[in-house]
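# An overview of the molecular structure
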Amino acid sequence: MTTVLPFPQSIQPNPGNSFVLLTVLCIVAPGPPKFLPERCSAEYNTVTLVWAPYSDSLVDAYVLEIDDGCGGNFREVYCGPELICSVDGLHFDSLYNARVKCYNRQGESSYSECICLKTAEVAWFTFDPETAHDDILLSEDGLTATCNNFEERVVLGSCGFSKGVHYWEYRVDRYDNHPDPAFGVAKLETSKDAMLGKDDLSWSMYVDNQRSWFMHGGEHMERTEGGITKGTIVGVKLDLNKHTLSYYINGQPHGPVAFDDLNGTFFPAVSINRNVQLSLRSGIIAPESDEESD
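So, here's what we can say about the structure.

Parameters at a glance
Residues numbered from 1 in each chain as written. Predicted model: local features only at pLDDT ≥ 70, side-chain atom pairs only at ≥ 80, totals over all residues. Heavy atoms only, no water. Core = buried A, V, L, I, M, F, W, Y, C linked by side-chain atoms within 4.5 Å. Buried < 20%, exposed > 50% of the residue type's maximum accessible area, 1.4 Å probe, protein only. Helix = DSSP H or I, 4+ residues; strand = E, 2+ residues; numbered from the N terminus. Contact = heavy atoms within 4.5 Å. Pairing = 2+ DSSP bridges. Axes fitted to C-alpha atoms, helices over the stretch in contact; angles between N-to-C directions. Salt bridge = Lys/Arg side-chain N within 4 Å of Asp/Glu carboxyl O. Polar contact = N/O pair within 3.5 Å; in protein donor to acceptor, adjacent residues only side chain to side chain.

### Digging into the nonpolar core
One finds Phe161, Trp168, Tyr170, Phe183, Leu238 and Leu245 to be the most contacted residues of the largest nonpolar core, which totals 38 residues. Residue assignment for this core shows that the elements contributing at least two residues are strand E13 (144-147), strand E15 (165-175), strand E16 (182-186), strand E17 (202-207), strand E20 (233-239), strand E21 (244-249), strand E23 (267-272) and strand E24 (276-284). At 4 residues, E15 tops the list of elements feeding residues into this core. Leaving out residues up to four positions away in the same chain, Phe161 has contacts with Phe92, Ala123, Phe125, His166, Trp168, Leu238, Leu240, Gly264, Thr265, Phe266 and Pro268. Counting 18 residues, the second largest nonpolar core, distinct from the first, contains Leu64, Ile66, Ala98 and Val100.

If you want it as structure tokens, here you go:
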């Protein structure tokens, strides 16, 4: 028989008499857990944290908290009995502080010492099959896209951005009959069955073999000479520090800054039809200049 009391106590048997041995456990609030730095890691925009309990502490659950990557307030990201937790969907190129505490029925511990982990400087992502229009055809590695329809169809990138500076490129692998592929960013809920930039949830540059235009909410603006062909590299720079979107063709700025006052979370996006095939390249350091090309 086991009984829990708030203080240690035991009953000793008398020789020759029958007895019941009473075992008494003294449970106190646990001590603070400790991170194991050699087992903690950061990969892309995911951090994995591993900790250990305070020596001989009885623990019901752990509470893991991280800050916002800018030294702001902590928020709870895990509560449970495990000693490891991976947190994904974080901002790139950011320093995150984490802390952990634990509790049992007698109370909770103080927080552990903080650990700091840095996410990757640049973002790596693919085309996202989960949100793409059904007519979009993707390669097995998610880095090449085409379409089986003559109408424009939209595919997003697999990663959204709400802070920082991000740059990615597309190589035009196939360009037949002078179509107008559109490159840009979009909200997750944007229409997937119309050219990018037609609705209020997408911002794009659409371009043919001679010239380009910017488009948002169906409004066309800033016609710029210079188009694309097979082998062209189209670069997209999303600067959420300045809240702007700008473009490059074959490594040179193309037109003025396309859009400003961009706030919220944006996904890389393109719209293509069956006459176009694109290959995506991410994880690139953004060029510094956004000056308009001659």
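### Side note on the pairing of E23
Counting buried residues in E23 gives 6 out of 6 residues, a clear majority hidden from the surface. The alternating pattern of E23 places Phe267, Ala269 and Ser271 and Pro268, Val270 and Ile272 on opposite faces, both of which are buried. Bridge count for strand E14 (residues 153-156) against E23 is 4 bridges, and the pairing is antiparallel. Across the sheet, the residue bridging to Leu156 is Ala269, located in E23. Bridge count for E16 against E23 is 5 bridges, and the pairing is antiparallel. Its bridge partner being in E23, Ala186 is matched across the sheet by Phe267.

### Quick notes on the sheet that holds strand E19 (residues 219-225)
The antiparallel open sheet is built from 6 strands, whose spatial order is E14-E23-E16-E17-E18-E19. The sheet is open, and its two borders are formed by E14 and E19, each paired with just one other strand. Within this sheet the neighbouring strands show an average axis-to-axis angle of 20 degrees, counted without direction. Sheet topology places E16 next to E17; 5 bridges connect them, and they run antiparallel. In the strand pairing of E17, Ala186 is matched with Ser202.

### Some details on the sheet that holds E20
Spatial strand order, E12-E13-E24-E15-E20-E21-E22: 7 strands in an open sheet with antiparallel pairing. For this open sheet the edge positions go to strand E12 (136-138) and strand E22 (252-253), each flanked by a neighbour on one side alone. Looking at chain direction, E12 and E13 are connected through 3 bridges and run antiparallel. Residue Leu138 lies in a different strand from E13, and its bridge partner there is Ala145.

### Looking at the pattern of salt bridges
Across all of its chains, the model carries 9 salt bridges by this definition. For Lys101, the salt bridge is made with Glu108, and the minimal N-O distance between the two is 3.3 Å. Residue class for Glu108 comes out partly exposed when judged on its relative accessible area of 48%. Among the ionic pairs, Asp135 bridges to Arg153, the shortest N-O distance being 2.9 Å. Placement of Asp135 in the loop between strand E11 (115-118) and E12 and of Arg153 in strand E14 is noted, with a sequence separation of 18 residues between them. Each member of the pair, Asp135 as well as Arg153, carries the same accessibility label: buried.

### So, unusual backbone geometry
Its identity is not glycine, yet Tyr44 carries a phi of approximately 55 degrees, on the positive side. Turning to its location among the elements, Tyr44 is positioned in the loop between strand E4 (41-43) and strand E5 (46-52). We note that His243 has phi near 65 degrees; this positive angle belongs to a residue other than glycine. Relative to the elements of secondary structure, His243 occurs in the loop between E20 and E21.

### Notes on the side chain of Thr48
Its location among the elements puts Thr48 in strand E5. We classify Thr48 as buried; its relative accessible area is 17%. Polar side-chain contacts of Thr48 include one of 2.8 Å to the side chain of Ser86. Aside from chain neighbours lying at most four places away, what touches Thr48 is Arg39, Cys40, Ser41, Ile84, Cys85, Ser86 and Leu117.

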